[in-house]
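# Secondary and tertiary structure notes
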Amino acid sequence: MYRTHTCGELRIANAGQTVTLAGWVQKARKLGGMTFIDLRDRYGVTQLVVEADAPAELVGTATALGREFVIQATGEVLERQAKNPKMPTGDIEIKVSAINVLNKSVTPPFTIEDESDGGEDLRMKFRYLDLRRGPLKKALMLRHRIAHEVRNYLDGLGFMEIETPYLIKSTPEGARDFVVPSRMNPGQFYALPQSPQTFKQLLMVAGYDRYFQIVRCFRDEDLRADRQPEFTQIDCEMSFVEQEDVLGTFEGMMRTLFKNVLGVDVPNPLPRMSWYDAMDKYGSDKPDVRFGMEIHELTDVAKGKGFGVLDGAAYIGAIAVPGAAEYTRKQIDELTEWVKRPQVGAKGLIYIRVNADGSFKSSIDKFYAPEDLAKIAAAAEAKPGDLLLVLSGDAKRKVQTMLGVLRLEMGGRLGLRDPKVFAPLWIVDFPLLEWDDETQRFYAMHHPFTAPKPEHEKWFYSNKKEDLERVCANAYDFVLNGNELGGGSIRIHNADMQKRMFEVLGIGPEEAEYKFGFIIHAFQYGAPPHGGLAFGFDRVCALFGGQDTIRDYIAFPKNNQGRDVMIDSPSEIDQSQLDELKLILDKSE
Ligand code: ASP
């Protein structure tokens, strides 16, 4: 037996027992002839002591220990003189009578303690060492815990976990596919799934009316910060359901997670907001509703005073930042530069200080008399002491989106975005389609398997752009603190309607048949009404852990360039492998 206890287990009640522990030497230090060793394993750290008067051989072994040596140590549990209340095992130490070095270690490239001196890149390269650190262990433990709660909850409701294939057919929608060449079918390729969407729908056709899977998905996107080319979803689908059934089932799941994992009660039922309201009031389809500072439209009230920028705008909107009337000129200049950054994209920023005494000071005083500014302030519901920030432009949603980004920034600066406060909600009633000016075609806002609301079907079959733009879907997103944690929809289950959808999306009958024939055919064999959703599992974990980056919640993540720097991948393959696959590389670039 290698050990009688783990390094996180012993307490004062164990005093007097002889125990054997095994683990890694986090740190060994000499103090007045004694050697103190912090021994670490997955469960915690326990202090070992080798007394100055211990047998010379033992003292010699202890002295020779280096960081990350793997040892087995036997000794007696003693109450500590100097207790450490920060450590669960801090009341005791082990008076060591024997040490067995199981394996040596070279000096690690960074200190493996809760606070490390290693930079991000170095820790990624030695991820297996980084994973020994407390914060990462805590993150992976939380991930395990959430997965367990999810399985428990869904199993309790009769959901079956069913695996779907990873080698599928390339049908890019939204993101690019990762493709895998087929050796046995030269010139042909599999694709890795962006999600199991079509397979879960085929499972519904097959009659497995409650499915889920905690599943890896792959998207070959240009990596934005905190995106991973492979990530995990809690993917779910149900048959014979309406939107209400899906929302009820999965807010129940989230409520259970909040309660069982975090001990947090969230409202029952959860609030809901239409996509239109979210865009109008928060400039985002994933609003952070932990604070107010809503967007107010000023298009009518702010025009007509001879100020060209506003008079020529199609949309004018503002947020009132509470208590910020005191902002100095310098602070406002900095904010103006901030909104002009490409990430926000505004051309400029208009401000109106609503002073505590009710007077105004603005960047547009030349054009607007105090009573004009008062009207604007009233329309924006600004109170004395607020700073009104105004943006305008020629496209309503674009300006709203900028105001939404500014709102989040100001919320952050005012400390209104506490990661320990949770404000989940559903966003519902998404438009079915989104027009893209550049390509002059519609795209599915969620995905092409989402059904129009039955009462909007008349517009769905119309050929007018305005009609198609009006069609809404029973599509929904689960949003938490400004993050989209999940989303789904009620699906099309009728072959003709699915064909119409492809037609609306500019996918001709032949292309539709080639790419999606399998699902259109399946719908001819008795497809039940169905719907579902998927949660971004990595992000659920990160937000539950109070972090905004998912990387710590994935055991072996990729870096921002999509590389695994630990195994050095992607990498070139041998000529013989290329030959087998009948692939010739174009090395001209
Ligand atoms: N497959 C969808 C996604 O990955 C989720 C869903 O509609 O169920 O976003």
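The paragraphs below set out a description of the structure included in this document. (Residues numbered from 1 in each chain as written. Predicted model: local features only at pLDDT ≥ 70, side-chain atom pairs only at ≥ 80, totals over all residues. Heavy atoms only, no water.)

All right, on to helix α14 (residues 495-504) then. With respect to burial, α14 is a largely interior element, seven of its 10 residues being buried. Those residues of α14 that fall on the buried side of the exposure criterion are Ala495, Met497, Gln498, Arg500, Met501, Phe502 and Val504. Between the side-chain oxygen at the start of α14 and the backbone nitrogen of aspartate 496 there is a gap of 2.8 Å, and the oxygen is on asparagine 494. Looking one or two places after α14, you find glycine 506, whose phi comes out positive at around 75 degrees. (Buried < 20%, exposed > 50% of the residue type's maximum accessible area, 1.4 Å probe, protein only. Helix = DSSP H or I, 4+ residues; strand = E, 2+ residues; numbered from the N terminus. Polar contact = N/O pair within 3.5 Å; in protein donor to acceptor, adjacent residues only side chain to side chain.)

In this section: the pattern of salt bridges. Per the stated rule, a full pass over the model turns up 40 salt bridges. Taking the shortest distance from any N to any O, the salt bridge between glutamate 244 and arginine 272 comes out at 2.6 Å. A residue pair is termed long-range when its members are at least 10 positions apart, and glutamate 244 in helix α6 (residues 243-262) and arginine 272 in strand β11 (residues 272-274) qualify at 28 residues. On the basis of relative accessible area, glutamate 244 is assigned to the partly exposed category, the value being 46%. Judged by its relative accessible area of 38%, arginine 272 falls in the partly exposed class. The shortest N-O distance in the salt bridge between arginine 397 and aspartate 280 comes to 2.8 Å. Note that arginine 397 is positioned in helix α11 (residues 396-413) and aspartate 280 in helix α7 (residues 275-282), a separation of 117 residues in sequence. The structure contains a network of salt bridges with shared partners spanning Glu120, Arg123, Arg127, Asp130, Arg133 and Arg551. (Salt bridge = Lys/Arg side-chain N within 4 Å of Asp/Glu carboxyl O.)

Time to look at the layout of surface pockets. For the second largest pocket, the calculated volume is near 1,000 Å³. Along the wall of the second largest pocket there are 37 residues; nearest its centre are Asp114, Gly134, Pro135, Lys137 and Lys138. At the level of elements, β1 (18-31), β2 (34-41), β3 (44-50) and α4 (134-156) are the ones that each hand at least two residues to the lining of the second largest pocket. Per element, the largest residue contribution to the lining of the second largest pocket is 11 residues, and it comes from α4. Residue classes in the lining of the second largest pocket are distributed as 13 nonpolar, eight polar and 16 charged. (1 Å grid on protein atoms, 1.4 Å probe; cavity = no way out; pocket = protein on both sides within 12 Å on 5 of 7 lines; lining within 4 Å. Points joined across faces, edges and corners; volume = space filled by probe spheres on them. Nonpolar A, V, L, I, M, F, W, Y, C, P; charged D, E, K, R; others polar.)

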